[in-house]
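As a plain string of letters, each chain reads:
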Amino acid sequence: MAGAYDDRDGVIWMDGKLVNWRDAKVHILTHGLHYGSSVFEGERAYNGKIFKSVEHSQRLLKSGEYMDIPIPYTVDDIEAAKQEVLTASGLQDAYVRAVCWRGSGDDMGVASARNPVRMAVAAWEWGAYYGEAKFKGAKLDIAKWKRPSPETIPCFAKAAGLYMICTMSKHAAEAKGCSDAMMLDYRGYVAEATGANLFFVKDGEVHTPKPDCFLNGITRQTVVGMLQERGITVIERHIMPEELEGFEQCWLTGTAAEVTPVGQIGDYTFEVGALARDIAESYEKLVRA
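Report follows, based on the coordinates. (Residues numbered from 1 in each chain as written. Predicted model: local features only at pLDDT ≥ 70, side-chain atom pairs only at ≥ 80, totals over all residues. Heavy atoms only, no water.)

## Quick word on the packing of helix H6 (residues 218-229) against helix H7 (residues 274-287)
Contact geometry for H6 and H7: axes closest at 11 Å, N-to-C directions at 110 degrees. It follows that H6 is roughly perpendicular to H7 by the angle criterion. Along this stretch, H6 crosses H7, giving a crossing that reads as right-handed. Contacts between H6 and H7 pair Thr219, Thr222, Val223, Met226 and Leu227 from the former with Leu275, Ile279, Ser282, Tyr283 and Leu286 from the latter. Tallied by class, residues from the contact of H6 with H7 come to seven nonpolar, three polar and no charged. (Axes fitted to C-alpha atoms, helices over the stretch in contact; angles between N-to-C directions. Helix = DSSP H or I, 4+ residues; strand = E, 2+ residues; numbered from the N terminus. Parallel < 35°, antiparallel > 145°, perpendicular 65-115°, else oblique. Left-handed = near helix turned anticlockwise from the far one by under 90°. Contact = heavy atoms within 4.5 Å. Nonpolar A, V, L, I, M, F, W, Y, C, P; charged D, E, K, R; others polar.)

This is the structure in C-alpha cells:
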C-alpha cells in the first residue's frame with residue numbers, strides 16, 4: 001500500500017462494521033479533531049498474529065478511562081474487530097491502528113459528555129519505522145520540548161493530544177537530518193524518544209529511564225523481560241542527559257520502532273554493539289515465534 005492514507009484500497013472497521021477504506025470518514029465538527037479527545041493503540045501483526053494483542057486492547061481501555069473517554073467495547077470486542085480487519089485485509093505482516101474518539105454530537109465546546117465515543121481499526125503494511133537506521137543506528141536530536149508532569153495531564157494514557165510536542169520535536173529533528181528526537185521530562189531527566197523508549201548499556205549493565213511521567217511501553221516491558229532472562233542487570237532510574245557520555249550502547253523500543261540501535265544522540269555517540277544487535281535479532285524471532 002502506498003500513497004495518501006485517505007485514498008487506498010481495503011476496508012476499515014468503524015463502529016461495529018467494515019466499511020470501504022475511502023468511505024471511513026468523520027464530520028468536520030468532530031470533537032476529537034478540535035480538542036484532541038482521542039486515544040489509540042499502535043500494534044504490529046507478524047505472520048497474521050498481533051504481538052501482545054490483548055495487552056494493547058487492555059491499554060486502549062485504560063487510556064480511555066484516564067482521558068474520560070468511556071469506550072463502549074470490551075477487550076473481546078476489540079480483539080474481534082482487529083481480527084476481522086486482518087482477515088479482510090489479507091495481510092500477514094501489518095501495522096494495526098485502533099483509535100477511539102469523541103465524535104460529533106450535541107457538544108462542541110470543551111465539554112463533550114453528550115457526544116458518542118466512536119472507534120475504528122485499520123491495518124496496513126509498514127516496514128521499518130526508521131528505515132536503514134534499524135541496522136546502522138539511528139541518529140537523534142535532543143528536543144526542546146519536555147514530557148509534562150503527571151500533575152498536568154494523564155501522562156500514562158496513549159492519548160492523541162500528548163503527541164503534539166512529539167510531532168513538533170520529530171519535525172525539528174528531521175530538518176536536521178536526524179531520525180528522531182530524545183525528549184527530557186519536566187525535571188530535566190532523560191525520558192524517551194517521540195514514539196519509543198530508550199535503553200543504554202554501560203559496563204555490561206542496562207540502564208533505562210524510570211517511566212514515572214511517560215508511557216511504559218509494551219515493547220519496553222518485553223525487552224526488560226528478555227534482558228532479565230539473560231541474567232543482565234536492568235536498572236530503571238532517573239538519568240541525567242550528561243550521563244550519555246558514559247554509555248557505550250543505546251537502542252530504542254516501540255511497537256513501530258521494534259528494537260532499533262542508536263548511533264548518536266546530539267553530540268553523544270554510541271557503538272551499535274553486540275547486545276543491541278542481539279536484542280534486536282531476538283525480538284524479531286520472538287514476535288514471529
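## Quick word on unusual backbone geometry
For asparagine 47, which is not glycine, the phi dihedral falls at a positive 55 degrees. Residue placement: asparagine 47 occurs in the loop between strand S3 (38-46) and strand S4 (49-50). The exposure class of asparagine 47 is partly exposed, given its relative accessible area of 46%. The residue glutamate 258 is not glycine, and still its phi comes out positive at about 55 degrees. (Buried < 20%, exposed > 50% of the residue type's maximum accessible area, 1.4 Å probe, protein only.)

## Side note on the environment of leucine 61
Among the secondary structure elements, leucine 61 is positioned in helix H2 (residues 53-66). As for leucine 61 and phenylalanine 40, which are separated by 21 residues in sequence, their C-alpha atoms are 9.4 Å apart.

## Side note on a negative patch on the surface
Negative charge collects at one region of the surface, where Asp203, Glu205, Glu248 and Glu271 lie side by side. Examined against the element boundaries, glutamate 248 turns out to sit in the loop between strand S12 (234-237) and strand S13 (249-254). (Patch = residues over 30% accessible without salt bridge, like charges linked within 9 Å, V, L, I, M, F, W, Y side chains within 5 Å. Areas by Shrake-Rupley, 256 points an atom, 1.4 Å probe, with all protein chains shown as cover. Salt bridge = Lys/Arg side-chain N within 4 Å of Asp/Glu carboxyl O. Lys, Arg positive; Asp, Glu negative; His and termini not counted. Charge placed at Lys NZ, Arg CZ, Asp CG, Glu CD.)

## Section: the pattern of salt bridges
On inspection of all chains with the given rule, the structure shows 17 salt bridges. We note a salt bridge from arginine 187 to aspartate 212, for which the minimum N-O separation is 2.8 Å. Linking arginine 187 in the loop between strand S8 (180-184) and strand S9 (190-193) with aspartate 212 in the loop between strand S11 (205-209) and H6, this pair joins segments that are 25 residues apart in sequence. Each of Asp7, Asp9 and Arg22 takes part in a single network of salt bridges with overlapping partners.

## A short note on the environment of valine 11
Inspection of the secondary structure assignment puts valine 11 in strand S1 (residues 11-14). For the pair valine 11 and arginine 22, spaced eleven residues apart in the sequence, the C-alpha separation amounts to 8.1 Å. Once residues within four sequence positions are removed from consideration, valine 11 is found in contact with Leu18, Val19, Trp21 and Ala88.

## Description of H6
The terminal C-alpha atoms of H6, which comprises twelve residues, lie 17 Å apart, in line with the 16 Å expected from a rise of 1.5 Å per residue. Within H6, burial applies to Ile218, Thr219, Arg220, Thr222, Val223, Val224, Met226 and Leu227. At the exit of H6 stands glycine 231, carrying a positive phi of roughly 80 degrees. (Expected span 1.5 Å × (residues − 1).)

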